[in-house]
Amino acid sequence: FQSEPFGGCFARSLLAGLEKIPFRWCDERFDFQATFLQCLAKHVPNIYSAEMDPLVEKQEEMVQAAILYPLECYLFGEDPDVFLEKLQQSGTSQLCGKVFKGGETTYSCRDCAVDPTCVLCIDCFQNSIHKNHRYKMHSSTGGGFCDCGDTEAWKAGPLCSKHEPGASSSPKENSECQLNEEIMEHSRRVFPSVIKYIVDMLIWEEEKELPVELTISREKVDSYYCVLFNDEHHSYDHVIYSLQRALGCELGEAQLHTTAIDKEGRRAVKAGHYASCQEAKEEIKRHSENVSQRPLHVEVLHADVMAHQKFALRLGSWLNKLMSYSSDFRQIFCQICLKEEAGSEKPCFISKLMLWDARLHKGARKVLHELIFSSFFMEMEYKKLFAVEFVKYYKALQKEYISDDHDRVLSVTALSVQMFTVPTLARHLIEERNIITIITETLLEVLPEYLDKNDKFNFQGYSQDKLNRVYSVIFDLRYILVSKPTVWTDHLRERFLEGFVSFLRILTCMQGMEEIKRQIGQHIEVDPDWEAAIAIQMQLKNILLMFQEWCASDEELLLRSYRECHKAVMRCSTNGRSREKTVFHLCGHTLESRPYRVSADPVSIHLPLSRTLAGLHVRLSKTGAISRLHEFVSPEEFQVELLVEYPLRCLVLVAQVAAEMWRRNGLSLISQVFYYQDVKCREEMYDKDIIMLQIGASLMDPNQFLLLILQRYELADAFKKIKPTKDQVSSIFFCWERYVPGISNVTKEDVIMREIIHLLCIEPMAHSAITKSLPENESNETGLENVIDKVATFKKPGVSGHGVYELKDECLKEFNMFFYHYTKTQHSKAEHTQKKRRKQENRDEALPPPPPPDFSPAFSNVVRILNCDVMMHILRTLLQRAVELETHLWTEAMVQMVLHLLSLGLLEEKQQLQKSPEEEVTFDFYHKATRMGSSALNAVNVLMLVEKLKRVPQLEAQKDTVNWILQMFDMVKRLREKSSLATVGAASGSEATKGDESTQDKEKAERKRKAEAARLHRQKIMAQMSALQRNFIETHKLLYENTLEAQGKDDAIMEEESTSSAIDYSRIALGPKRGPSVIEKEVLTCILCQEEQEVKLESAAMVLSACVQKSTALTQNRSRILELSGDTLDPLFMHPDLPCGTHTGSCGHVMHAACWQKYFEAIQLNFRQRLHVEQIFDLENGEYLCPLCKSLCNTVIPIVPLQAQKINSEDAEAVAQILSLARWLEIVTVRISGYSVKNAKGEKQSLPPFTNKGTGNSALEFHSILSFGVQSSAKYSSSIKEMLILFATTIYRVGLKVAPNEADSRIPMMTWSTCAFTIQCIENLLETEGKPLFGSLQNRQHSGLKALVQFAAAQRTTSPQLLIQKHLVRLLGVLLPNYKGEDTPSLLEVDMFHVLVGTVLSFPSLYWEDAVDLQPSSVSSAYNHLYLFHLTTLAHIMQIVISSLPFYQCYCFSQDIPGWLVWDCVKKGIMPYLRCAALFFHYLLGVSPPEELLQVSEEGQFKALCSYLSLPTNLFQLFHEYWDTVNPLLQRWCTDPVVLSCLKGKSIAIRYPRKRNHLIELPEDYSCLLNQASQFRCPRSSDDEQKHPVLCLFCGAMLCSQNTCCQELVNGEELGACTSHALQCGAGVCMFLKIRECKVVLIEGKTRGCLYPAPYLDEYGETDPGLTRGNPLHLCQERYRKLHLLWQQHCIIEEIARSQETNQIFFGFNWQLL
Ligand SMILES: [Zn+2]
Ligand SMILES: [Zn+2]
Ligand SMILES: [Zn+2]
Ligand SMILES: [Zn+2]
Ligand SMILES: [Zn+2]
Ligand SMILES: [Zn+2]
Ligand SMILES: [Zn+2]
């Protein structure tokens, strides 16, 4: 048995072996490796034989059966499924380890995460304590990994409840199942072979051959593949093009290949003999080279090689799965991967793979990285060992990555973040592996290609992509430095310092790089590249700060690194030493310096070394270590002038650029200067240069320092001779900036607070705007939150816009106009705002600087520059010039600065005096400023000059400031005198302040009085203003809106308010008691020609701009499939589900028909002339924008005047005697059958005579109907008629989506249908908004509806009357079974309101006579309306009762349904119908409604409706009254099969009242939606590619958007999931929420759409499109309601058109594929 062990197949032998497990296990001679490879050699090539068109499922099945199953059997010693199930049960790892795909949402906790790279997956987050903390959500770029369970990543709550040990269902002691020894033993035997095979195959380079072990059992065949690899250089289209050309294949096939290549990384595109594949390879290369510079990467591989490589990956994912089951598996796997061959230099398995990574294709890399994640990264100990290996090959790996062309997420180097950010690991790597030095050296090795001859970087002509890759190395440095050590060991200190010195070498290459020289005469020809250098600065900023922080955490280290840095700066400060020193004198002081001029010599903006030194210097000062500085840097070495030199040049450059001296150097310089001071860079550029200047000021003689500054600013001459000075000397008072920890005793919080105050002094700001304006660093946002409430109050947003912070009043005194971070515009804006504010408060406009905090000791000498001789000279000179009115020598800005300096000096002296006794205060600004000199220049002192300033007319605006300064002079003087005269300082001091206070009180009182007066004045003006405004509105109302009617109505209500209790007979719309129509003369103004015209039947038509659209806003059944084209649709009956209607809306703007036509033609012409402009609207479909309000319209409604009708009540009474419902029905029947006899000879419509058992009146004949009163038809002018036809045709065309056809028989049907549907929409809207039925409509709705109803009544006259009659008969068929035709729907299949509108509007056609055009008289139509309405009402009551019966039967199991229950249900169910009917008849007849309908009240409303519509309040009385007529009807209605089936409970009819549609309910917390999205699976494809789930807000469907998998072919066009869904769900108009992006999308049809802010706000009242800020988001109900109204008011199209007009960018987007 054992001597000849494995004759057969590996699999069989293993299976056989299973039975004899005990023997096998002990068998040492079993050569697993050989057997395994034999098996693979045999099976693999067969399984993966068809690579051109692989059957993936089949392959997988075979792999399982032939290889994996036996392998698992051997490994586990039992059935793998059973075993793995057991293992699974026993618990999982404490680490989550979920690997993120691109776009997946990750969560971080701002309270507990150690650094922002620590993230949780959505499952862990939802189960963690952080859910209730201040979390952040972000979209992963892919490749990250969930940190749940990593105790080093979280300050608290490292485990979610799912990964908490013991949280799993069974309380096992050891959650990790220990594998037994045998299985471990087997693993140790199996894994090495498997791993070795994987490694060997992945790094296999031979194209034609396989390793010997794998070739044994097979004949080698000549079968090859031409394999194409993915890269990032060639676009999708390039690849498709190249493939099509090279292989001559179809577009579809090429697309298929390309998609697969993009996904997998490589794919066989041709199979065949070696030669033919080789040929194909050359072809592809050649063609791809033609389109882009580089050829595509193509290889020819032997089929067997390809097969084994593919299987190696399959084995990799098999291992990956196995790893998740047990820690033992992971450990064994890691051990084997890390094992080095004894005595060999070769790298271990895992290192081999790492080193090969850049050469692997995308698919292989993914498998490899996942394997690393699931094994090494799940075991802390092995993660460390892996990190050590990683660091060992760090340089090589990074270099490979830099020359690679794949995305960073696909590189093994991207794993660094997983290791470097773990604090203990980072410490270990620094201490033991010297990682900082390794990283910096890597940088030094990859950057030299950018070095110039002076060993400075120069990025001219750099490649953006390559440099981006270099940044990833810089990022690694940042990761390593994330957490500062708390304890320093000697070893750590040495290693860190070594790294720091190495890092300084990089900075040395940057110090002074890319020098520029001022361009004189000619403008530069080409702007040099500047982006790269600035980008590196940005990348380095945080690293520089972190290095400084690390240094500062240990005194020894700080001093030593300071010495190193100082040395490095000195080494770089050599140039210019060759020049001879020159001497500069001013007012008795001299300066010796080497000549240098920024405006003539080269200067560089990049000085990272100097700035690092400045940073270390303030930290020295802060920690107090500065006292030991001399031990490390001797005073002789220090050379402060040299240190100051370069930063000073940089500041001068900036000032000169601002003064436009460098205009010829182009945009490149302006951009650099911008970033130098911008929040993104300033911390390590501008701010540090200021600090360096302050170091100079504190260490140099003040006079010399000022002279140096004057000289460098090239102002020396300006103060010697009389010469105009243009530049700012602003850096002098920027030396005064003390809000830097170390320079004064402020905290980081104070600093942020001051930044915020100054931002808010400009204007109130949104949270995100403030964040953006603060320097970005780890604590930026938390820092902001800690202080923002102290200085500002939050103002909530309205329905649009966002919340803002407003500065608290008490913080206004902190405002410093010359805040050093203000830009020029910010400065003037803030000054303006603050002055305006003070003016409003009726205070003076002086804006003195706030009292500054004290300098820390190391910087205390800075103050001396203010009272030194040179400064006094400067001040005096400038003031003198201002006073002497030599206008060409000074500007107001300059005087402002002088005043600012004076304020600073006086404030300083005042503060010092208040703190310490007078004699100790050596700062004698007051003294110097008031001292008289002997020389001519000194003849007048500063104080006197200031006094004189008051009289300079040009300085009127500064008057208040001047006054303030004079007061300060006075105060300081008194402080000096008081303390010198009085014996004890303290007492007199307090007195002085008291005196101060009393005068201040007086001033305060005076101010208050003035303020009060001003307030009253303002109030008066406001009142006047609002009166004016009202007037304005009135005028415009008259101009543009038809309010006459409304006003008239109001008046009518006023009059009759008293008689409300009794039934008001003038307010009945139907029947003999009908009230009069309220009609006013309508005079309208055309918005185009501004001319007025009265609306009359016979005059030229006036029209309202209108928009007709299909709508599903009222649908009760969204699953119903809508007909996309209405070619065969019969729109006469509306289904009670209201699935899709035609809505007509109007913006209410009136034009002459002729004016509109001219306007429309003009747009058409205009459009045709501008061929290439993409159109916002579809002219072909008659679209245009309303000329006044720019809303989208596609037609016009003609305005037809209402015809006055008044009933003579005596006549009516008389008629009532004879015209009962029964008789009316008879007459109508006779008339109809008469018509059919008379006209329809060919048609088979024989109507049975309507038999009536009641009255035996036989005097009925064809003309009876006319005997109750007729009148001649209205005569419309031809222009009105034309417009009637035009509008009716539009409704028909849009509503049915068909080509226009004026003669189509369905035109009248569509007219009635849109009329009914629009009324229903408006009724629905009023109800959901809780508004009364009448009087609350918006003007546009009111005038639109009025025009629509009148149009619908008039439209009849433009169609053949026979046609109308035919429709009428069909409509009546629903109510009166004797007219019932074959296609008449049953009672339960129609919407009754549509029937009512249709019959009422078509009924007059029965009066049509050949010879004369007649219509019913007022009395006749009163009865017609009444009976038609009563009939439909009866039918509707039946609908309600029948549809609710099944429910009541369940309720009481008997036929005896309590009467009150039925009544209740009828009353509730009929309300919407009655309300619609009231609206309809009101707009049709113009009878004023009862005033109860102008209010909202349940009960009153019902009564009023019944009264207005001539119904008994007890509706069942109708049945009694008409019993004889109704009884047969009822019986016939109920025998209809559809009704019967419903009565028997077999089918369910729609219930009344119908449900009101709302947008779907959204969760309050946005992360719930993200959670839903994360569980979303595309219904069409099973791959794990990133999807874009979107939510339909109408129906709640989740769709897979912007993805080819879910595109649908509609009418021969590819439509995206959203677009095709919208066709069904919203008849083309729809509203979606893009979940991952938190944006709402509105779309219409296939070509239009726009983005709309999502209704989710963060706590700062801001939306977060794209989730870029990542704050927790919550649903804002008001905003969601606004979206709801947008939908229900049918304004989505309007919104899209408006946004497209303003945001032209969306044109590029292909909405069709959404
Ligand atoms: Zn997780
Ligand atoms: Zn977890
Ligand atoms: Zn937390
Ligand atoms: Zn006009
Ligand atoms: Zn308009
Ligand atoms: Zn939907
Ligand atoms: Zn899909």
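Residues numbered from 1 in each chain as written. Chains lettered and ligands numbered in written order. Predicted model: local features only at pLDDT ≥ 70, side-chain atom pairs only at ≥ 80, totals over all residues. Heavy atoms only, no water.

**Points about the overall build of the protein chain**
- Check the secondary structure of the protein chain and you find 62 helices and 27 strands.
- Burial status across the protein chain gives 57% buried among its 1714 residues.
- Here the contacts in the protein chain between residues at least 6 apart in sequence split such that 77% fall between residues at least 24 apart.
- Looking at the protein chain as shown, the accessible area adds up to about 74,400 Å², and 52% of this sits on carbon and sulfur atoms. (Helix = DSSP H or I, 4+ residues; strand = E, 2+ residues; numbered from the N terminus. Buried < 20%, exposed > 50% of the residue type's maximum accessible area, 1.4 Å probe, protein only. Contact = heavy atoms within 4.5 Å. Areas by Shrake-Rupley, 256 points an atom, 1.4 Å probe, with all protein chains shown as cover.)

**Quick notes on the coordination of the zinc ion (ligand 1)**
- At 2.1 to 2.3 Å from the zinc ion (ligand 1) lie its protein donor atoms, namely Cys96 (SG), Cys121 (SG), Cys124 (SG) and Cys146 (SG).
- What the four donor atoms of the zinc ion (ligand 1) show is an angle range of 99 to 120 degrees at the metal, which sorts the shape as tetrahedral.
- Counting the intervening residues between successive donors of the zinc ion (ligand 1) yields the motif C-x24-C-x2-C-x21-C. (Donors = N, O, S within 2.8 Å, 3.2 Å for Na, K, Ca; no water. Tetrahedral: all angles 85-135°; square planar, octahedral: opposite > 155°, others 65-115°.)

**Focus: the coordination of the zinc ion (ligand 4)**
- Protein-derived coordination of the zinc ion (ligand 4) comes from Cys1086 (SG), Cys1089 (SG), His1152 (ND1) and Cys1155 (SG), at a distance range of 2.0 to 2.3 Å.
- Its four donor atoms give the zinc ion (ligand 4) angles of 94 to 119 degrees at the centre, a pattern that matches the tetrahedral case.
- Read in sequence order, the donor residues for the zinc ion (ligand 4) give the motif C-x2-C-x62-H-x2-C. With Cys1086 in the loop between strand S10 (1083–1085) and strand S11 (1092–1094) and Cys1155 in helix H45 (residues 1153–1169), the pair connects residues that are 69 residues apart, well separated along the chain. Both residues of the pair, Cys1086 and Cys1155, count as buried.

**Focus: the packing of aromatic side chains**
- All chains considered together, the criterion is met by 60 aromatic pairs.
- For the ring pair Trp488 and Phe496, a centre distance of 5.6 Å and an interplane angle of 65 degrees mean the geometry is edge-to-face. Like Trp488, the residue Phe496 is buried in the burial classification.
- Their ring planes at 75 degrees and their centres at 6.5 Å tell us that Tyr1427 and Tyr1522 sit as a pair that is edge-to-face. Within this pair, whereas Tyr1427 is found in helix H53 (residues 1418–1452), its partner Tyr1522 is found in the loop between helix H56 (1517–1521) and helix H57 (1523–1535), the two being separated by 95 residues in sequence.
- Exposure remark for Tyr1427: the relative accessible area of 6% places this residue in the buried category. (Phe/Tyr/Trp six-rings, centres within 6.5 Å; stacked < 30°, edge-to-face > 60°.)

**Some words on the nonpolar core**
- Core analysis: the biggest nonpolar cluster contains 292 residues, and Phe191, Tyr197, Phe376, Phe420 and Phe459 have the highest contact counts within it.
- A total of 13 residues in this core trace back to one element, the largest contributor, which is helix H28 (residues 640–658).
- Val1103, Ala1106, Cys1315 and Val1419 belong to the second-largest nonpolar core, a separate cluster that totals 154 residues. (Core = buried A, V, L, I, M, F, W, Y, C linked by side-chain atoms within 4.5 Å.)

**A look at the sheet that holds strand S24 (residues 1639–1644)**
- Reading across the sheet, the five strands line up as S20-S19-S23-S24-S25 and stay open at both edges, with antiparallel pairing between neighbours. If you trace the sheet from one side to the other, it starts and ends with strand S20 (1598–1601) and strand S25 (1648–1653), each paired once. Across the sheet, the mean angle from the axis of one strand to that of its neighbour is 35 degrees, orientation sign disregarded.
- Here three bridges tie strand S19 (residues 1588–1592) to strand S23 (residues 1629–1634), and the two strands are oriented antiparallel to one another. Each residue of the ladder has a partner; that of Cys1592, found in S23, is Phe1632.
- Of the strands in this sheet, S19, S20 and S23 are in contact with helix H59 (residues 1566–1575), which crosses S23 at around 95 degrees. (Pairing = 2+ DSSP bridges. Axes fitted to C-alpha atoms, helices over the stretch in contact; angles between N-to-C directions.)

**Some details on helix H25 (residues 608–623)**
- For H25, with 16 residues, the first-to-last C-alpha span of 22 Å sits near the 22 Å given by 1.5 Å per residue.
- For H25, a buried count of 14 out of 16 residues is recorded, marking the element as mostly surrounded by other parts of the structure.
- Gly624 sits one or two positions beyond H25 and adopts a positive phi of about 85 degrees. (Expected span 1.5 Å × (residues − 1).)

**With respect to the packing of helix H20 (residues 435–446) against helix H21 (residues 464–480)**
- At a minimum axis separation of 10 Å, H20 and H21 run at an interaxial angle of 165 degrees. Taken together, the axis directions place H20 and H21 in an arrangement best described as roughly antiparallel. As for the relative orientation of H20 and H21, their crossing is left-handed in sense. Within the contact between the two elements, H20 uses Ile435, Ile436, Ile439, Thr440, Thr442, Leu443 and Val446 and H21 uses Val470, Val473, Ile474, Asp476, Leu477 and Ile480.
- Per-class residue counts for the contact of H20 with H21 are ten nonpolar, two polar and one charged. (Parallel < 35°, antiparallel > 145°, perpendicular 65-115°, else oblique. Left-handed = near helix turned anticlockwise from the far one by under 90°. Nonpolar A, V, L, I, M, F, W, Y, C, P; charged D, E, K, R; others polar.)

**Some points on the sheet that holds strand S12 (residues 1102–1111)**
- Spatially, three strands are ordered S13-S12-S16 in an open sheet, and the strand pairing comes out antiparallel. Lying at the two open borders of the sheet, with one neighbouring strand each, are strand S13 (1141–1152) and strand S16 (1195–1198). The sheet shows a mean angle of 40 degrees between the axes of neighbouring strands, direction not considered.
- Relative to S13, S12 is paired through nine bridges, and the arrangement is antiparallel. Residue pairing for S13: Cys1107 is matched across the bridge by Gly1145.

**With respect to unusual backbone geometry**
- Omega for the peptide link from Tyr1552 to Pro1553 comes to -5 degrees, which places this bond in the cis form.
- You can see Pro1553 is positioned in the loop between helix H58 (1537–1543) and H59.
- One non-glycine residue with positive phi stands out, namely Lys1297, at about 55 degrees.
- Examined against the element boundaries, Lys1297 turns out to sit in the loop between helix H48 (1278–1296) and helix H49 (1307–1328).
- Assessed through its relative accessible area of 43%, Lys1297 is described here as partly exposed.

**Here we look at the pattern of salt bridges**
- Counted by the stated rule, this structure contains 69 salt bridges.
- Across the pair Arg359 and Glu400 runs a salt bridge, and its minimum N-O distance is 3.9 Å. With a gap of 41 residues between them, Arg359 in the loop between helix H14 (349–356) and helix H15 (362–374) and Glu400 in helix H17 (residues 394–403) connect regions that are remote in the sequence.
- When its relative accessible area of 47% is taken as the criterion, Arg359 is described as partly exposed.
- Residue Glu400 is classed as partly exposed on the basis of its relative accessible area, which comes to 25%.
- A salt bridge links Glu1637 to Lys1639; the shortest N-O distance between them is 3.8 Å.
- A relative accessible area of 23% places Glu1637 in the partly exposed class.
- Residue class for Lys1639 comes out partly exposed when judged on its relative accessible area of 21%. (Salt bridge = Lys/Arg side-chain N within 4 Å of Asp/Glu carboxyl O.)

Interpretation note: all reported values are geometric properties and have no functional meaning in isolation.
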